[in-house]
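Okay, here's what each chain looks like letter by letter:
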Protein chains: 2
Amino acid sequence: MKPSIPKGTRDFLPAQVYKRNFIFDTIRSVFKKYGYQPIETPTMELLSTLTGKYGEEGDKLLFKVLNNGEFLDDVDDQLLAAKDHKKILPEISKRGLRYDLTVPFARYVVMHQNDIKFPFKRYHIQPVWRADRPQKGRYQEFYQCDVDVVGSDSLMYEAELTKILDEALHKLNVKSIIKINNRKILFGLAEAMGITDNFMDMTMAIDKLDKIGREKVILEMTKRSIPASAAEGVLDLLSIDNLGDLESKFQNCPQGLKGIEELKEFHAYLDLTTSFNKIKFDISLARGLNYYTGCIFEVEADKEFYPTLKMGSIAGGGRYDNLTGVFGLKDVSGVGVSFGAERIYDVMEEEDLFPIGVEKDLDVLLIAFDDATHKYSFQVLQTLRGMNIVADLYPTPTKMKKQMKYADARNVPYVLLIGSEEMESGVLSLKNMVNGEQSKLSIEEIAKKLATV
Amino acid sequence: MKPSIPKGTRDFLPAQVYKRNFIFDTIRSVFKKYGYQPIETPTMELLSTLTGKYGEEGDKLLFKVLNNGEFLDDVDDQLLAAKDHKKILPEISKRGLRYDLTVPFARYVVMHQNDIKFPFKRYHIQPVWRADRPQKGRYQEFYQCDVDVVGSDSLMYEAELTKILDEALHKLNVKSIIKINNRKILFGLAEAMGITDNFMDMTMAIDKLDKIGREKVILEMTKRSIPASAAEGVLDLLSIDNLGDLESKFQNCPQGLKGIEELKEFHAYLDLTTSFNKIKFDISLARGLNYYTGCIFEVEADKEFYPTLKMGSIAGGGRYDNLTGVFGLKDVSGVGVSFGAERIYDVMEEEDLFPIGVEKDLDVLLIAFDDATHKYSFQVLQTLRGMNIVADLYPTPTKMKKQMKYADARNVPYVLLIGSEEMESGVLSLKNMVNGEQSKLSIEEIAKKLATV
């Protein structure tokens, strides 16, 4: 039997784990520095928690876990005979795999509202599972990296999250464009044109502006029964790139004005700081998700630096006014962003952005020539490790060629050759694997040299 | 609807995540220093990989994931009508949750045998799932921390793994006893008494020696049809505490002699080093698991230091000669140990062994008094973060009492008070939350002071 793994899932080789951890560790270090606290939630949630939160399509993509034991015993015979999946499912499965980190977070905040202090600043880095059809860059198990603050509507957090996006992507060496908008300004467009009933139709069309252009966006809107004149008007407003000019058009649009006020307050914080990446106010930024109510964010790799890259957004987020309402806790406003770690990995791999040495693990490999020097080498090995050098010893004093081949495979920068002469003198031969240079050094000198590798 | 989570699973609050990560990070840092490389495997494995590897009881404890879509469509009507679970299960579920890290590792080594270089030294820290009845200290989702080397039978690795156990537990501040035996020596006992056919019966009885004492162990053996004289003989041999004396009893016991030879070679490496914890050769150490073929390890918290602690083994492992055989790759010898991170957590919590400050996240909380100082404070905040200080700012310039309450809840050692005077002068008031002392300092001075907190 040839072993395999489920389609859409992945094993990770050490080199991949190093690179993935570089991304997670970098993002995590920024979250921590900004005062966010880690939480973790179980892999399995009750289906009663998950179902109905992701739309009908999402419900289908949930992985359901079979109840243990004789799972069919209590199922009605007629339902079984009819193969009535909808009614049988809740009888045989009570748990599902986490589909995202947002719903578990909402559930968590409600369950632990007395253990946490608001504003609650948390980050959450764990895998999620979706039964999507696997394809290039899309997996059934993948990590999400979410950072949110709930229990405050201060716009300081919008500025803080912008800084987090900016700093984390800078540390990852990914040149980015951080686009910012406010849902209320989008609503202002609908107010100005008298089409607030068609707000969702309008945003869905606007969302495609980059891809399909002005004329087709107008066509999309008219197809969804928005009058042509209103559609034209929306596109005209979208072409305004000065907040003051937009404000003058919003005199009778309370939501639009509120949106502009929020953006100004947000900017009052943000402009006090410097940034690494481009930060752009983009009035046409819509983001599909319904639950955003204020500021929205979307980040792309900067095409100016990566002209051949084909990649959608690598991070995004926004403010939501009622995350926990569905679990019975009202009026908890929150704002957060999520890093698409898997896409960031693909960008970094494709554009060769990982730092040199990210895959390096061994500082030095010890090589011995007979049983006595091998045991002595084990002692040297432990001494080096005691000095925090990542050292290893080939397991047997076999042919030098074989040991050197292993050193190559482990990609080690130095080998330490230990024969009987070295054992007697305590002066060992350190060989640089890149240029072949060999030097005779004491253990202390070796440790000092390797500490700077 | 009051939200909840599946029984046997856990949410982790920030303080718990900090403590858990302290354990994982400490263990991981030792694995890395010893030249082991990280791998990761998918949460879901094919049931064909998992089933039959953990015994009949284990198969029942596997969590099975329901196939997506119309999972019943291809199931035979008669099987359904008969509720024939055994035959229906493989029709409706092809995937299960990882039950341990050993079987996925074996599967991984076989699948990636051409991508990895032997000896392959790997560590693997991920959660596993078992549908055990939840009880105190036993969960349905828990982490395992495994470290193994495969593809070499050098006894250097037995010594190395002993050092890893010793160093990791020392760094965790858990005083421990590392017990060591060799399965071949146990087999030697059976050889010496002519009861090799009853080897498993013998080891299962010996395993209980600590708990039930000599007489009851003999009774257990005779119950399992081992002659009383042989049982007595085994117990007499067990009381020998000198390897030389044992060797003289093993003159006609090839496996027993091989076991002694292996232990001597192992000791030749180990004795060259110093250790932090007690390391004891314990001839009665058996460990239940069948697949060990050479050296075996078991670690307990040292009762001399923790007299009231009730806790089983906190780590264990051994050598296995044929891990990958079941997946078609023969003759791959391996040796490894596994840290019981959840039990280590319980020991550390109960005996108060976590380092001071393990839960600390914030270095300082900034407190502003009006809108202008709040925006200025955000600038100071970003400056401090730029200097790698973990700083935070209360989201609004609300009443000082409320902000101080938040500082208390976040357990922060310092607050930085920023009024209009401070804003003008750039000299800020840093208040020590423990002793109440207040000092006037520049941002640079503050950063310097906090860097040493």
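Since this is a predicted model, take the numbers as computed values, not measurements.

Cut-offs used in this document
In every chain, residue numbers begin from 1 and rise along the written sequence. A letter from A marks each chain and a number from 1 marks each ligand, given out in the order of writing. At least 70 in pLDDT is required for a residue's local features to be given in this predicted model, at least 80 for side-chain atom pairs to be given and counted, and no such filter applies to totals for whole chains, interfaces and linings, which use all residues. Where side-chain values are given, they derive from all heavy atoms of the structure, hydrogens and water being excluded. Each helix corresponds to a stretch of at least 4 residues labelled H or I by DSSP, and each strand to a stretch of at least 2 residues labelled E; elements are numbered beginning at the N terminus. Three labels apply to residues, based on accessible area from a 1.4 Å probe with only protein chains included: buried if under 20% of the type maximum, exposed if over 50%, partly exposed otherwise in between. Only heavy atoms matter for contacts: two residues are in contact if any of them lie within 4.5 Å across the pair. Method for areas: the Shrake-Rupley scheme with a 1.4 Å probe, in which residue coverage is limited to the protein chains shown. Just so you know, the count uses Lys and Arg for positive and Asp and Glu for negative, and it drops His and the chain ends. Charged groups are reduced to one reference atom each: NZ for lysine, CZ for arginine, CG for aspartic acid, CD for glutamic acid. In the sections that follow, a salt bridge refers to a side-chain nitrogen of Lys or Arg positioned within 4 Å of a carboxyl oxygen of Asp or Glu. Summed over both partners, the accessible area lost on bringing two parts together, with a 1.4 Å probe, is the buried area. Polar contacts here mean pairs of N or O atoms no more than 3.5 Å apart (in protein, one a potential hydrogen donor and the other a potential acceptor; neighbouring residues in sequence count only if both atoms are side-chain atoms). The angle between two axes is taken between their N-to-C directions and runs from 0 to 180 degrees, where each axis is a line fitted to C-alpha atoms and a helix contributes only its stretch in contact. The cut-offs work like this: below 35 degrees is roughly parallel, past 145 is roughly antiparallel, 65 to 115 is roughly perpendicular, and the gaps in between are oblique. Rotating anticlockwise by less than a right angle from the far helix to the near helix defines a left-handed crossing, while the corresponding clockwise rotation defines a right-handed one. Strands are labelled as partners when DSSP assigns at least two bridges between them. Alignment of the copies relies on least squares applied to C-alpha atoms, considering only residues that score at least 70 for pLDDT in both. Grouping into patches uses exposed residues only, defined as over 30% relative accessible area, and leaves out salt-bridged ones; the cut-off is 9 Å for like charges and 5 Å for nonpolar side chains (Val, Leu, Ile, Met, Phe, Trp, Tyr). What pLDDT reports is the predictor's confidence in each residue, on a scale of 0 through 100. A 1.4 Å probe that fits but cannot get out identifies a cavity on a 1 Å grid over protein atoms alone, an open set with protein on both sides within 12 Å along at least five of seven lines counts as a pocket, and a residue lines either if it has an atom within 4 Å of a point. Grid points are joined across faces, edges and corners, and a volume is the space filled by probe spheres set on the points. Just so you know the grouping, Ala, Val, Leu, Ile, Met, Phe, Trp, Tyr, Cys and Pro go in nonpolar, Asp, Glu, Lys and Arg go in charged, and all remaining residues, Gly too, go in polar. Here the aromatic set is Phe, Tyr and Trp, taking the six-membered ring for Trp, and pairing holds for ring centres within 6.5 Å; pairs whose planes are under 30 degrees apart are stacked, those over 60 apart are edge-to-face, and all others are tilted. Charge-over-ring placement is defined geometrically: NZ (Lys) or CZ (Arg) within 6 Å of the ring centre, and within 35 degrees of the ring normal.

Some details on the overall build of chain A
At step 1: In terms of regular secondary structure, chain A is built from 18 helices and 16 strands.
At step 2: For chain A, the spread of C-alpha atoms along the three principal axes comes to 90 × 65 × 45 Å.
At step 3: Evaluated residue by residue, chain A yields a buried proportion of 58% over its 453 residues.
At step 4: Across chain A, contacts joining residues at least 24 apart in sequence account for 70% of those joining residues at least 6 apart.
At step 5: Working note: accessible area of chain A is about 19,300 Å², and carbon and sulfur atoms make up 49% of it.
At step 6: Of the side chains in chain A, 60 bear a positive and 67 a negative charge, and the two mean positions are spaced by 3 Å.

Considering the pairing of strand β6 (residues 141-150) of chain A
At step 1: Summarising burial for β6 of chain A: 10 of the 10 residues are buried, a large majority.
At step 2: With burial as the criterion, each face of β6 of chain A is covered, one bearing Glu141, Tyr143, Cys145, Val147 and Val149 of chain A and the other bearing Phe142, Gln144, Asp146, Asp148 and Val150 of chain A.

Examining the pattern of salt bridges
At step 1: This model, assessed by the stated rule, comprises 74 salt bridges over all chains.
At step 2: A salt bridge links Asp77 of chain B to Lys83 of chain A; the shortest N-O distance between them is 3.4 Å. Taken together, the residues Asp77 of chain B in helix α4 (residues 77-82) and Lys83 of chain A in the loop between α4 (77-82) and α5 (85-92) connect one chain to another.
At step 3: For Lys83 of chain A, a relative accessible area of 17% translates into the label buried.
At step 4: In this structure, Glu167 of chain B and Lys171 of chain B form a salt bridge, with 3.3 Å as the shortest nitrogen-oxygen distance. Of this pair, Glu167 of chain B and Lys171 of chain B both sit in helix α7 (residues 156-171), 4 residues apart, which is roughly one turn of that helix.
At step 5: Residue Lys171 of chain B is classed as partly exposed on the basis of its relative accessible area, which comes to 37%.
At step 6: Here the salt bridges do not stand alone but share partners, grouping Lys121 and Glu160 of chain A together with Asp361, Arg385, Asp392 and Arg410 of chain B into one network.

A closer look at the interface of chain A and chain B
At step 1: Contacts between chain A and chain B engage 107 residues on the former and 107 residues on the latter.
At step 2: Area buried by chain A at its contact with chain B is led by Lys33, His85 and Phe378 of chain A, which between them contribute 8% of it.
At step 3: Inspection of the chain A/chain B interface yields 10 salt bridges.
At step 4: As a salt-bridge pair, Arg107 of chain A and Asp11 of chain B come within 2.5 Å of each other at their nearest N and O atoms.
At step 5: Counting across the chain A and chain B interface gives 48 residue pairs in polar contact (both at pLDDT 80 or more).

Some words on the packing of α7 of chain B against helix α13 (residues 254-270) of chain B
Residues and elements named next belong to chain B.
At step 1: Remark: α7 packs on α13, axes separated minimally by 8 Å, with the N-to-C direction vectors making an angle of 55°. In terms of orientation, α7 lies oblique with respect to α13. At the point where α7 passes α13, the crossing takes the right-handed sense. Between α7 and α13, the contacting residues are Met156, Glu158, Ala159, Thr162 and Lys163 on the first element and Phe266, Tyr269 and Leu270 on the second.

Things to note about the sheet that holds strand β16 (residues 438-441) of chain A
Residues and elements named next belong to chain A.
At step 1: In spatial order, the strands read β13-β12-β14-β15-β16; together these 5 strands make up an open sheet with mixed pairing. Strand pairing shows two members of the sheet lacking a second neighbour, β13 (391-393) and β16, which therefore form its edges. Strand-to-strand twist of the sheet, defined as the mean angle between neighbouring strand axes without regard to direction, takes the value 25°.
At step 2: When strand β12 (residues 364-368) meets β13, the two strands line up parallel, connected through 3 bridges. The residue bridging Leu365 from the neighbouring strand is Asp392, located in β13.
At step 3: Strand contacts of helix α16 (residues 400-409): β12, β14 (414-418) and β15 (428-432), with the helix running at about 170° to β12, the strand carrying the most contacts.

What to know about the sheet that holds strand β11 (residues 334-339) of chain A
Either a parallel or an antiparallel arrangement is found when strands of a sheet pair, and the pairing is made through backbone hydrogen bonds.
All names here are of chain A.
At step 1: Spatially, β1-β5-β6-β11-β10-β9-β7-β8 is the arrangement adopted by the 8 strands of the open sheet, whose pairing is mixed. Only two strands of the sheet have a single partner each, and these edge strands are β1 (37-38) and β8 (278-281).
At step 2: As paired elements, β6 and β11 share 6 bridges and run antiparallel to each other. Of the residues in β11, the one forming a bridge with Cys145 is Phe339.

With respect to the relation of the copies chain A and chain B
At step 1: Superposing chain A onto chain B takes a rotation of 180° combined with a translation of 0.0 Å along the rotation axis, leaving an RMSD of 0.1 Å. Within this description, the copies of the chain are treated as partners about a two-fold rotation axis. Rotation axis and chain A: the residue whose C-alpha lies nearest the axis is Val65 of chain A, separated from it by 2.2 Å.
At step 2: Taken together, the interface assignments show that 100% of the residues at the interface of chain A recur at the interface of chain B, consistent with an identical surface on both copies.

Quick word on a positive patch on the surface
At step 1: A surface patch of positive charge is lined by Lys117 of chain A together with Lys399, Lys401, Lys402 and Lys405 of chain B.
At step 2: Topologically, Lys401 of chain B is positioned in helix α16 (residues 400-409).

Describing the confidence of the model for chain A
At step 1: Chain-level pLDDT for chain A is 94 on average; 99% of the residues reach the 70-or-more range.
At step 2: As a predicted assembly, this complex carries a pTM of 0.95 together with an ipTM value of 0.94.

A word on empty space enclosed by the protein
Rolled over the atoms, a probe as big as a water molecule pinpoints where empty space is left.
At step 1: Per the stated rule, a full pass over the model turns up 3 cavities of 30 Å³ or more.
At step 2: Approximately 90 Å³ is the volume attributed to the largest cavity.
At step 3: The wall of the largest cavity is formed by Glu40, Thr41, Pro42, Thr43 and Gln126 of chain A together with Arg10, Phe12, Arg20, Pro127, Glu141 and Tyr143 of chain B.
At step 4: By residue class, the composition of the lining of the largest cavity is 4 nonpolar, 3 polar and 4 charged.
At step 5: If you trace the second largest cavity, you find it lined by Arg20, Ile23, Phe24, Ala341, Glu342 and Tyr345 of chain A.
At step 6: For the lining of the second largest cavity, the secondary-structure elements that each account for two or more residues are α1 (14-33) and α14 (341-350) of chain A.
At step 7: Considered class by class, the residues forming the lining of the second largest cavity number 4 nonpolar, no polar and 2 charged.

Things to note about the packing of aromatic side chains
At step 1: Counted by the stated rule, this structure contains 30 aromatic pairs over all chains.
At step 2: Pairing Phe24 of chain A with Tyr143 of chain A gives two aromatic rings, centres 4.8 Å apart and planes at 40°, and the pair type is tilted. Taken together, the residues span a long stretch of sequence, with Phe24 of chain A in helix α1 and Tyr143 of chain A in strand β6 at a distance of 119 residues. Across the pair, Tyr143 of chain A and Phe24 of chain A agree in class, each one buried.
At step 3: Considering the side-chain rings of Tyr54 of chain A and Tyr99 of chain A, the 4.2 Å spacing of their centres and the 40° angle between planes classify their relative orientation as tilted. Of this pair, Tyr54 of chain A sits in the loop between α2 (47-50) and α3 (55-61) while Tyr99 of chain A sits in the loop between β4 (95-97) and α6 (102-111), and the two are 45 residues apart along the sequence.
At step 4: A relative accessible area of 17% means that Tyr54 of chain A is categorised as buried.
At step 5: An aromatic cluster is present here, built from Phe22, Tyr345 and Phe354 of chain A joined pairwise through their rings.
At step 6: Sitting above the plane of the Tyr99 of chain A ring, Arg130 of chain A keeps its charged end 4.2 Å from the centroid.
At step 7: Geometry around Phe305 of chain B places Lys175 of chain B over its ring, the cationic atom sitting 5.5 Å from the centre.

Remarks on the side chain of Asn432 of chain A
Residue and element names in this part refer to chain A.
At step 1: The residue Asn432 is located in strand β15 in this model.
At step 2: A relative accessible area of 15% places Asn432 in the buried class.
At step 3: A distance of 2.7 Å separates a polar side-chain atom of Asn432 from the backbone nitrogen of Val434.
At step 4: Setting aside chain neighbours within four positions, we find Asn432 in contact with Pro413, Tyr414 and Glu437.

Details of unusual backbone geometry
The general pattern is negative phi for most residues beyond glycine and trans for most peptide bonds.
All names here are of chain A.
At step 1: Following Phe118, the chain continues into Pro119 via a peptide bond in cis, with omega recorded as -5°.
At step 2: Take Pro119: it is sitting in the loop between α6 and β5 (120-129).
At step 3: At Asp331, a residue that is not glycine, the phi angle is positive and equals roughly 60°.
At step 4: Tracing the sequence through the fold places Asp331 in the loop between β10 (315-320) and β11.
At step 5: Residue Asp331 is classed as exposed on the basis of its relative accessible area, which comes to 73%.

Focus on the packing of helix α8 (residues 183-193) of chain B against α13 of chain B
Residue and element names in this part refer to chain B.
At step 1: Where α8 contacts α13, the two axes come as close as 7 Å, and the packing angle between them is 150°. Judged on the interaxial angle alone, α13 and α8 are roughly antiparallel. Handedness of the α8/α13 crossing: left-handed. On α13, the residues touching Lys184, Ile185, Phe187, Gly188 and Glu191 of α8 are Pro254, Gln255, Gly256, Lys258, Gly259, Ile260, Glu262 and Leu263.
At step 2: Here the residues of the contact of α8 with α13 are counted per class, giving 5 nonpolar, 4 polar and 4 charged.

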